[in-house]
Amino acid sequence: MSAKAIVVRDLTKRFPVRREWAEMVRGPFRQEWTTVLDGVNLEIEQGKVFGLLGPNGAGKTTLLKILSTLLLPSEGQAFINGYDVVSSSHRARQAVGYCLDSERSFYYRLSGIENLAFFAALNNLDSRSATSRIAEVLNILDLNGAADVPFMTYSKGMQQKLGLARALLTDPAVLLLDEPTKSLDPGAAAGWRRFLRETLVGKMGKTILLVTHSLEEARECCDRTAVIGQGRISFQGSWPEVDEFVRSHMFPGSAGVA
């Protein structure tokens with residue numbers, strides 16, 4: 001297991017179906033459940049970019065939340081660098097950085113550096129280590145010029161950069177990126193993908209699980225990709241293999257996926 005950065009075994013997640021009070025008091029209550037992840041299996045090698053490709057509601061973000069220890073699985077197991085996300089959640093959390101929807105996850109009136117200082121404290125970094133690490137990640141993400149201005153003034157691209165800076169604060173081995181280019185223009189998205197491959201993986205040696213619904217992004221970024229729908233992995237492989245699967249199963253009769 002040591003050669004694998006992420007291992008997921010028969011992972012299932014169910015959520016209770018919400019019911020109105022009137023329904024609950026009219027008769028016998030029986031809890032109903034909806035299955036969001038259904039027996040997911042994945043193995044991701046260290047130092048690789050693995051794509052999770054699928055439509056909205058497929059279960060992609062739920063999987064990331066389990067891997068980042070924000071949610072507990074209903075069944076199955078998941079490991080980050082060999083650490084079980086349930087029984088060794090503290091160790092697993094130290095090994096992972098989660099970059100989610102940045103627009104809703106920062107304090108708008110605080111500056112970039114003040115936001116990072118707050119999250120460094122939440123991650124138990126002492127003030128000296130936090131100051132050094134914040135300067136380092138701001139330099140990596142080329143955010144020095146915006147460090148002292150309020151988050152509310154940031155463009156979408158800068159917001160995404162600050163989200164990644166926060167994920168890098170503890171220098172985690174594994175990064176979970178949830179549709180990081182969805183709000184970016186084509187030029188900014190292309191730059192982000194180059195940074196992912198050349199800097200995060202090429203220079204820093206990170207392992208990345210990239211959630212996307214963009215075929216172009218999966219093709220350009222990922223060493224391997226899994227296709228997920230309705231909580232199940234329907235296919236995984238290299239991009240040419242995934243391209244053939246998508247072409248034959250999702251767009252039958254097409255000449256290929258652009």
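Computed from a prediction, not measured in an experiment: that's the story for all the values here.

About the thresholds
- Residues numbered from 1 in each chain as written.
- Predicted model: local features only at pLDDT ≥ 70, side-chain atom pairs only at ≥ 80, totals over all residues.
- Heavy atoms only, no water.
- Helix = DSSP H or I, 4+ residues; strand = E, 2+ residues; numbered from the N terminus.
- Buried < 20%, exposed > 50% of the residue type's maximum accessible area, 1.4 Å probe, protein only.
- Polar contact = N/O pair within 3.5 Å; in protein donor to acceptor, adjacent residues only side chain to side chain.
- Contact = heavy atoms within 4.5 Å.
- Salt bridge = Lys/Arg side-chain N within 4 Å of Asp/Glu carboxyl O.
- Core = buried A, V, L, I, M, F, W, Y, C linked by side-chain atoms within 4.5 Å.

(A) Layout of unusual backbone geometry. Here the phi dihedral of Thr69 falls at roughly 70°; this positive angle occurs in a residue that is not glycine. Within the secondary structure, Thr69 is located in the loop between α2 (60-67) and β4 (75-80). Note on Thr69: relative accessible area 16%, which makes it buried.

(B) Representation of the side chain of Asn115 within the structure. On the secondary structure map, Asn115 appears in helix α4 (residues 112-122). In this structure Asn115 comes out as buried when scored by relative accessible area, which is 0%. A distance of 3.4 Å separates the side chain of Asn115 from the backbone oxygen of Leu110, its partner in a polar contact. Those residues within four positions of Asn115 in sequence are excluded, and the remaining contacts are Phe106, Tyr107, Leu110 and Phe151.

(C) View of the pattern of salt bridges. In the structure shown here, the tally under the stated rule is 11 salt bridges. Notably, a salt bridge pairs Lys206 with Asp171, separated by 2.6 Å at the nearest N-O pair. Of the two residues, Lys206 is situated in the loop between α7 (186-203) and β8 (207-212) and Asp171 in the loop between α6 (156-167) and β7 (174-178); the sequence distance between them amounts to 35 residues. Residue classification places Lys206 among the buried residues on the basis of a relative accessible area of 4%. Residue Asp171 is classed as partly exposed on the basis of its relative accessible area, which comes to 46%.

(D) Up close: the nonpolar core. Membership of the largest hydrophobic core comes to 35 residues, with the highest contact counts inside it found for Leu164 and Ile208. The element that contributes the greatest number of residues to this core is α7, accounting for six residues. In this structure Leu164 touches Cys99, Leu141, Leu175, Leu177, Trp192, Phe195 and Leu200, once residues within four positions along its chain are discounted. With 28 residues, the next largest nonpolar core counts Val8, Leu63, Leu67 and Ala226 among its residues.

Shape is all these values report; function is a separate question.
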